[in-house]
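Spelled out, the chains give:
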Amino acid sequence: QVQLVESGGGLVQAGGSLRLSCAASGRTFSDYAMGWFRQATGKEREFVAAISRSGGNTYYADSVKGRFTISRDNAKNTVYLQMNSLKPEDTAVYYCAARIRITIATLVDEYDYWGQGTQVTVSS
């Protein structure tokens, strides 16, 4: 089992940047493919980005492609989400998730463990 704790959320103006971190503990971090999801008020949780166990493969939702970058440091048991050129529509609670699979995934049900989330608010 793995425990996930997100940090780095906050309030930022449109066009600004934030970097989210997700620290993992409990099992070998490199055993997990990782993902970031977000959930805006009144909406379903949606996929943002995913990264393979080694970090060699990444995948992004079209809505964030070119603005967000997912990365991981297996030595620090941490996955990151660098968010640039933020827009008001990026406002949501951001969650990191882990899955014990080689392949990355984009569906909520494909992930085994979740963090508690961190709020990102982008003002116009």
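Once a new chain begins, its residue numbering starts again from 1 and follows that chain's sequence as written. Where totals are concerned, whole chains, interfaces and linings use all residues; where local detail is concerned, this predicted model gives features only for residues with pLDDT of at least 70, and gives and counts side-chain atom pairs only at 80 or more. Processing note: side-chain calculations cover all non-hydrogen atoms of the structure and skip hydrogens and water entirely.

Colleague: Give a detailed account of the overall build of the protein chain, specifying residues and quantitative values.
Modeller: Helix and strand assignments follow DSSP, with helices taken as H or I runs no shorter than four residues and strands as E runs no shorter than two, numbered in order from the N terminus. Looking only at helices and strands, the protein chain features 0 helices and 11 strands. Listing the helices and strands of the protein chain from first to last along the sequence gives β-β-β-β-β-β-β-β-β-β-β. The globule rule used for comparison is 2.2 Å times the number of residues to the exponent 0.38, while the radius of gyration itself is calculated over C-alpha atoms. What you see for the protein chain is a C-alpha radius of gyration of 13 Å, in line with the 14 Å of a compact globule of 124 residues. Counting only C-alpha atoms and orienting by the principal axes, one finds that the protein chain spans roughly 40 × 30 × 25 Å. Contacts in the protein chain between residues far apart in sequence, at least 24 positions, make up 59% of those at least 6 positions apart. If you sum the accessible surface of the protein chain, you get close to 6200 Å²; carbon and sulfur atoms cover 45% of it. Positive and negative side-chain charges in the protein chain, numbering 13 and 11 respectively, have mean positions lying 4 Å apart. The contact criterion used throughout is that any non-hydrogen atoms of two residues lie within 4.5 Å. Surface exposure here means Shrake-Rupley accessible area, sampled with a 1.4 Å probe, where a residue is shielded only by the protein chains that are shown. In summary, the charge assignment counts Lys and Arg as positive and Asp and Glu as negative, without counting His or the chain termini. Charged side chains are reduced to one point each, which is NZ for Lys, CZ for Arg, CG for Asp and CD for Glu.

Colleague: Describe the environment of Gly 26, and please don't skip the residues or the numbers.
Modeller: Here Gly 26 is to be found in the loop between β3 (18-25) and β4 (33-39). Remark: exposure states derive from per-residue accessible area (1.4 Å probe, protein chains only) relative to the maximum for the residue type, with buried under 20%, exposed over 50%, and partly exposed in between. Owing to a relative accessible area of 60%, Gly 26 belongs among the exposed residues under this scheme. The sequence separation of Gly 26 and Pro 88 amounts to 62 residues, and the corresponding C-alpha distance is 35 Å. Apart from the residues lying within four places of it in its own chain, the contact partners of Gly 26 are Gln 1 and Gln 3.

Colleague: Residues and numbers for the sheet that holds strand β1 (residues 3-7), please.
Modeller: Pairing between two strands requires that DSSP report at least two bridges joining them. Pairing in this open sheet of 4 strands is antiparallel, and the strands run β1-β3-β8-β7 from one edge to the other. Each having just a single partner strand, β1 and β7 (68-73) make up the two edges of the open sheet. Taken pair by pair, the neighbouring strands of this sheet meet at an average axis angle of 15°, ignoring direction. By the bridge criterion, 5 bridges tie β1 to β3 in an arrangement that is antiparallel. Along β3, the bridge assignment pairs Ser 7 with Ser 21. All axes here are fitted lines through C-alpha atoms, helices being fitted over the stretch that makes contact, and every angle between N-to-C directions spans 0 to 180 degrees.

Colleague: Give a detailed account of the pairing of strand β9 (residues 92-99), specifying residues and quantitative values.
Modeller: With 7 of 8 residues buried, β9 lies mostly within the body of the structure. Inspection of the sheet shows β4 paired to β9 by 7 bridges, in the antiparallel sense. Each residue of the ladder has a partner; that of Met 34, found in β9, is Ala 98. With 3 bridges connecting them, β9 and strand β11 (residues 118-123) associate as antiparallel partners. Directly across from Val 93, in β11, lies its bridge partner Gln 119. Pairing of β9 with strand β10 (residues 113-114), which is carried by 2 bridges, proceeds in the antiparallel orientation. When the bridges of β10 are listed, Ala 98 appears paired with Tyr 113.

Colleague: Tell me about the pairing of β4, and name the residues and values.
Modeller: With 6 of 7 residues buried, β4 is to be regarded as a mostly interior element. Taking the residues between adjacent antiparallel strands as the criterion, β4 and strand β5 (residues 46-51) are bridged by 6 residues, where Gly 42 takes a positive phi near 80°.

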